[in-house]
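Next come the chains, spelled out residue by residue.
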Amino acid sequence: MDPVRNPYAPGAGQRPPELAGRDKQLAAFDIVLERVARGRPERSVMLTGLRGVGKTVLLNQLRSAAVSRGWGTGKIEARPDQDLRRPLSSALHMAVRAIAMAHRNPEHVDDFLGILKAFALRATADKGMRERWQPGIDVPAVTGRADSGDIEIDLIELFKEAAALAAAIGVGIGIFIDEMQDLGPADVSAICGACHELSQDAAPLIVVGAGLPHLPAVLSASKSYSERLFSYHRIDRLDRESADQALIAPAEREEVKFTSEALDSLYQRADGYPYFVQAYGKAAWDQAPESPITAEDVAVAAPAAEEELAVGFFGSRYERATPAEREYMRAMADLAGDDGPVATAAVAAELGRKPASVSPARDGLIKKGLIYSAERGTIGFTVPHFGRYLRSV
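Residues numbered from 1 in each chain as written. Predicted model: local features only at pLDDT ≥ 70, side-chain atom pairs only at ≥ 80, totals over all residues. Heavy atoms only, no water.

As annotated in an unreviewed UniProt entry, the protein chain carries the name AAA ATPase-like protein and comes from Nocardia caishijiensis.

Structure (structure tokens):
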């Protein structure tokens, strides 16, 4: 069949042609938006899950839902060892610019931008003149608000000022943070503290975060009340009906069908993970000579899909690890028959080492986002089927 018409789109954060199986999360967020619009208190939202389940896609879709209601939005991607102040300043500046034209009091907007500029300038206040960053805000900095240098105090003050600006025109502001588990402890604490203050005041500003399965533990380690502070949504693999929908709906728009046996085979191979669904669907389309796509087409196409996953999805991550870290992951793979979490003590025993001696490898893998601490004393792969991949190479 014509590869140009192939509707499937495996890619990092790339929206699939059919966003299947996420209706529950989208509906819940619509309620959040409506409650905030009516001045009712509402919690910020956290999406958690393994890589490849579509967290970034869903985060972007939630942002689109906020934009469609006239909200100001900004998005950042957290990175290890990166200070929050600078990217957050840019995201909030974008959000305010989106709603500024509707504000009846330009002076109020300029006052806020002056506060935002002062907050932003603290990011490089202790640097030399050549290293200082200018945030690109064309108003003078306003001193005395959100510029103390204490990120928690400053963020509370900044978010309250931003919420007041949005409330004046009857809309909200949404800050969307991807890879949120990579924020530093001080920044996590600041976000939790600011969200706590906002929820108590029913202020029209929410934070929507997305991160790996241990994100709730990261938040809980910062503030004991974080379990009640956020609305958590675990994003998992698609059920059979949703996985079929993700394949069938785009194909039908191109007047192409699948046999039931082909869908059986595709679900078995992709295991419901959205990224894999797209990868196998794309390969099956390219291989099939005509509609309907059959189980034989899927079987012939599977090696091409698996080769692409081995290089782009699994292999690129494996190559980032040091030899010691690879050894650690292989031990995990040998122990985790179903790719589930394993005990750290068992990994050390598998390697014939003391737990303390393998801690650097474990910590390095966690920092690189290849494994996560599922719960105390256990670890798991952040990528689905990564253990299966390691056992095959």
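J.: Mind showing me how you'd approach the packing of aromatic side chains here?
T.: Each pair of aromatic rings is reported with the distance of its centres and the angle of its planes. In the structure shown here, the tally under the stated rule is 12 aromatic pairs. For the pair Phe314 and Tyr389, a centre-to-centre distance of 5.1 Å together with 15° between the ring planes defines the contact as stacked. Of the two residues, Phe314 is situated in helix H12 (residues 295-319) and Tyr389 in helix H16 (residues 386-392); the sequence distance between them amounts to 75 residues. Judged on exposure class, the residue Phe314 and its partner Tyr389 are both buried. Taken together, the ring pairs in this structure connect Tyr273, Tyr275, Phe276, Phe313, Phe314, Phe381, Phe386 and Tyr389 into an aromatic cluster. Residue placement shows Arg85 over the ring face of Phe119; its charged tip is 4.5 Å from the ring centre. (Phe/Tyr/Trp six-rings, centres within 6.5 Å; stacked < 30°, edge-to-face > 60°. Helix = DSSP H or I, 4+ residues; strand = E, 2+ residues; numbered from the N terminus. Buried < 20%, exposed > 50% of the residue type's maximum accessible area, 1.4 Å probe, protein only. Lys NZ or Arg CZ within 6 Å of the ring centre and 35° of its normal.)

J.: Can you help me understand the nonpolar core in this one?
T.: Across soluble globular proteins, nonpolar side chains have a tendency to be buried as a group. Counting 73 residues, the largest nonpolar core has Phe29, Phe258, Phe276, Tyr328, Met329 and Phe386 as its most contacted members. Filtering out sequence-adjacent residues up to four positions away, Phe258 remains in contact with Tyr8, Leu247, Ala251, Leu263, Leu266, Pro292 and Ile293. (Core = buried A, V, L, I, M, F, W, Y, C linked by side-chain atoms within 4.5 Å. Contact = heavy atoms within 4.5 Å.)

J.: Looking at this structure, how should I read the sheet that holds strand E7 (residues 371-375)?
T.: Adjacent strands of a sheet form backbone hydrogen bonds with each other and so pair up, either parallel or antiparallel. Taken in spatial order, the 3 strands make up an open sheet running E6-E8-E7, and their pairing is antiparallel. In the strand order of this sheet, the two ends are held by strand E6 (342-343) and E7, each with one partner. Here 2 bridges tie E6 to strand E8 (residues 378-381), and the two strands are oriented antiparallel to one another. Within the sheet, the bridge partner assigned to Ala343 lies in E8 and is Thr378. The strands that helix H13 (residues 323-335) touches are E6, E7 and E8; relative to E8, the one it contacts most, it runs at about 95°. (Pairing = 2+ DSSP bridges. Axes fitted to C-alpha atoms, helices over the stretch in contact; angles between N-to-C directions.)

J.: Please explain H13 as it appears in this structure.
T.: Think of an α-helix as 3.6 residues a turn; residues three or four steps apart then line up on the same face. Between its first and last C-alpha atoms H13 spans 19 Å; for 13 residues at 1.5 Å apiece the expected length is 18 Å, and the two agree. All of the buried residues along H13 are Glu325, Tyr328, Met329, Ala331, Met332 and Ala333. (Expected span 1.5 Å × (residues − 1).)

J.: Whenever I open this one, the confidence of the model for the protein chain confuses me. Can you help?
T.: Low pLDDT marks regions whose predicted coordinates should not be analysed in detail. Here the protein chain shows a mean pLDDT of 92. Residues at 70 or above account for 97%. Per-residue pLDDT, averaged within each element of the protein chain, yields its smallest value for E7 (85) and its largest for strand E3 (residues 173-178) (98). (pLDDT = per-residue confidence, 0-100.)

J.: Is there a simple way to explain the pattern of salt bridges in this structure?
T.: Side chains that differ in sign of charge can pair as their charged atoms come close. Per the stated rule, a full pass over the model turns up 22 salt bridges. Put simply, Arg69 and Glu34 hold a salt bridge, and the shortest N to O gap is 2.8 Å. One end of the pair, Arg69, is in the loop between helix H2 (55-68) and strand E2 (72-77); the other, Glu34, is in helix H1 (residues 23-37), with 35 residues separating them in the sequence. Judged by relative accessible area, Arg69 falls into the partly exposed class, the value being 37%. By sharing partners, the salt bridges in this structure join Glu34, Arg38 and Arg69 into a single network. (Salt bridge = Lys/Arg side-chain N within 4 Å of Asp/Glu carboxyl O.)

J.: I would appreciate a short explanation of the packing of helix H3 (residues 85-100) against helix H5 (residues 151-167) in the present structure.
T.: Each pair of packed helices gets described by two things: the angle between the helix axes and the distance between those axes. The interhelical angle for the contact between H3 and H5, taken along N-to-C directions, is 10°, at an axis separation of 11 Å. As judged from the angle between their axes, H3 and H5 are roughly parallel. When H3 is examined against H5, the residues Arg85, Leu88, Leu92, Val96 and Ile99 are found in contact with a partner set consisting of Ile151, Asp154, Leu155, Leu158, Phe159, Ala162, Leu165 and Ala166. Among the residues making up the contact of H3 with H5, the classes are represented as 11 nonpolar, no polar and 2 charged. (Parallel < 35°, antiparallel > 145°, perpendicular 65-115°, else oblique. Nonpolar A, V, L, I, M, F, W, Y, C, P; charged D, E, K, R; others polar.)

J.: It is not clear to me how the UniProt feature "domain: Cytochrome c" (unreviewed entry) in the protein chain should be interpreted in this structure. Could you clarify?
T.: Sites flagged by UniProt as "domain: Cytochrome c" (unreviewed entry) map to residues 167-333. With 63% helix and 11% strand, the stretch residues 167-333 has end C-alpha atoms that lie 52 Å from each other. (UniProt positions renumbered as here; feature names shortened; annotations may be inferred.)

J.: Is there a simple way to explain the sheet that holds E2 in this structure?
T.: Pairing in this open sheet of 5 strands is parallel, and the strands run E2-E3-E4-E1-E5 from one edge to the other. In this open sheet, the two strands that pair with only one neighbour each are E2 and strand E5 (230-234). Averaged over neighbouring strand pairs, the angle between their axes works out to 15° when direction is ignored. Bridge analysis of E3 against strand E4 (residues 205-211) gives 5 bridges, and the strand direction is parallel. What sits directly across from Ile173, in E4, is Leu205. Sheet strands in contact with H3 are E2 and E3, and its direction is about 160° off that of E2. Sitting on the sheet, helix H6 (residues 185-201) touches strand E1 (44-48), E3, E4 and E5, and the angle it makes with E4 is about 140°.

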